[in-house]
Amino acid sequence: MTHLAALILFAALVSPAFACLMREGWAARLRFTLWAFLSFVGFAVGIGWVMYLAGG
Amino acid sequence: MVEARAGASARHGPRAGSREGWGPLLYSGLGLMVPGLGHMALGRRGTGAVFLVSIGLLFVSGIRMEGELFPFEAAAPLTLLAGLAEVGSGAFYVAARMLGLGTGNPEAPTYEYGYAFLIVAGLLNMLVVLDAWDIATGAKGSADDPASTDEARSAAR
């Protein structure tokens, strides 16, 4: 399993649980799930690029 | 803190059908034994199912990635904390222990991912247990809460 695959699996499993904890109503939960998933993946990839560029 | 809690109660009012006495302990205990079971018993079947699937798949993925179920070693505080966090998965943890799974393989490339998944599964279920407690005491949710009414209606049918 690659790092990216593990990250995507983690984000996909944790996001809906956080959505159910933090939002009421299925529409709001779906929106939060998508937002949390994209945030997990986006920030991790972004920080990865920062480390790559800063580290040379 | 007390005032904030009192204010929240005043805003929401006692939840219709909120459980008193041993109720919150019972629902929290159910949730600790099986992730999501407390929510299902409270009539939030859909929410409970999401927790069961999410936490269950996190735990199973952690085991399949050769993550470790840490022993309780008082001499190694971080290991002890990790072990306590993993216990939060309830039935999944007990089943894995009984089946001899979760021995961990530090040489596997996914070992660190594996135990991270296992720890997160346990900690996430602890949050779910606290959520069940809040719902059972009426501190969270209200009669006009769209999720709870939809699910409560389905449960009543």
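Structure: above.
Here's a quick rundown of the structure. (Residues numbered from 1 in each chain as written. Chains lettered and ligands numbered in written order. Predicted model: local features only at pLDDT ≥ 70, side-chain atom pairs only at ≥ 80, totals over all residues. Heavy atoms only, no water.)

A separate point is the pattern of salt bridges. In the structure shown here, the tally under the stated rule is four salt bridges over all chains. Taking the shortest distance from any N to any O, the salt bridge between Arg29 of chain A and Glu24 of chain A comes out at 3.4 Å. Its relative accessible area of 2% is what places Arg29 of chain A among the buried residues. For Glu24 of chain A, a relative accessible area of 24% puts it in the partly exposed group. With its nearest N and O atoms 3.7 Å apart, the salt bridge here joins Glu24 of chain A to Lys140 of chain B. Of this pair, Glu24 of chain A sits in the loop between helix H1 (3–22) and helix H2 (26–55) while Lys140 of chain B sits in the loop between helix H7 (111–137) and helix H8 (146–156), on two different chains. (Salt bridge = Lys/Arg side-chain N within 4 Å of Asp/Glu carboxyl O. Buried < 20%, exposed > 50% of the residue type's maximum accessible area, 1.4 Å probe, protein only. Helix = DSSP H or I, 4+ residues; strand = E, 2+ residues; numbered from the N terminus.)

One pass over the full model with this rule turns up seven aromatic pairs over all chains. Ring geometry for Trp49 of chain A versus Tyr52 of chain A: centroids 5.6 Å apart, planes at 90 degrees, classification edge-to-face. Residue Trp49 of chain A and its partner Tyr52 of chain A are both found in helix H2; the two are separated by three residues, about one turn of the helix. Each of the two residues, Trp49 of chain A as well as Tyr52 of chain A, counts as exposed. Consider the rings of Tyr111 of chain B and Tyr115 of chain B, whose centres lie 5.2 Å apart with planes at 75 degrees: the pair is edge-to-face. One end of the pair, Tyr111 of chain B, and the other, Tyr115 of chain B, are both in helix H7, four residues apart, so they sit about a helical turn from each other. Taking relative accessible area as the criterion, Tyr111 of chain B reaches 9% and is therefore assigned buried. (Phe/Tyr/Trp six-rings, centres within 6.5 Å; stacked < 30°, edge-to-face > 60°.)

Another aspect to go through is the interface of chain B and chain A. Frequently, the measure chosen for interface size is the accessible area that the parts lose on association. Residue-level contacts link 23 residues of chain B with 16 residues of chain A. For the chain B and chain A pair, buried surface summed over both sides reaches about 1,700 Å², with 75% attributable to carbon and sulfur atoms. Ranking the residues of chain B by area buried against chain A places Tyr113, Phe117 and Leu124 of chain B at the top, with a combined share of 24%. Summed over the shared surface of chain B and chain A, the number is two salt bridges. In this structure, Glu24 of chain A engages Arg44 of chain B in a salt bridge whose closest nitrogen and oxygen atoms are separated by 3.5 Å. Linking chain B with chain A are five residue pairs in polar contact (both at pLDDT 80 or more). Breaking the side of chain B that touches chain A down by element, the ones donating at least two residues are helix H4 (45–64), H7 and H8 of chain B. (Contact = heavy atoms within 4.5 Å. Buried area = accessible area lost by both parts, 1.4 Å probe. Polar contact = N/O pair within 3.5 Å; in protein donor to acceptor, adjacent residues only side chain to side chain.)

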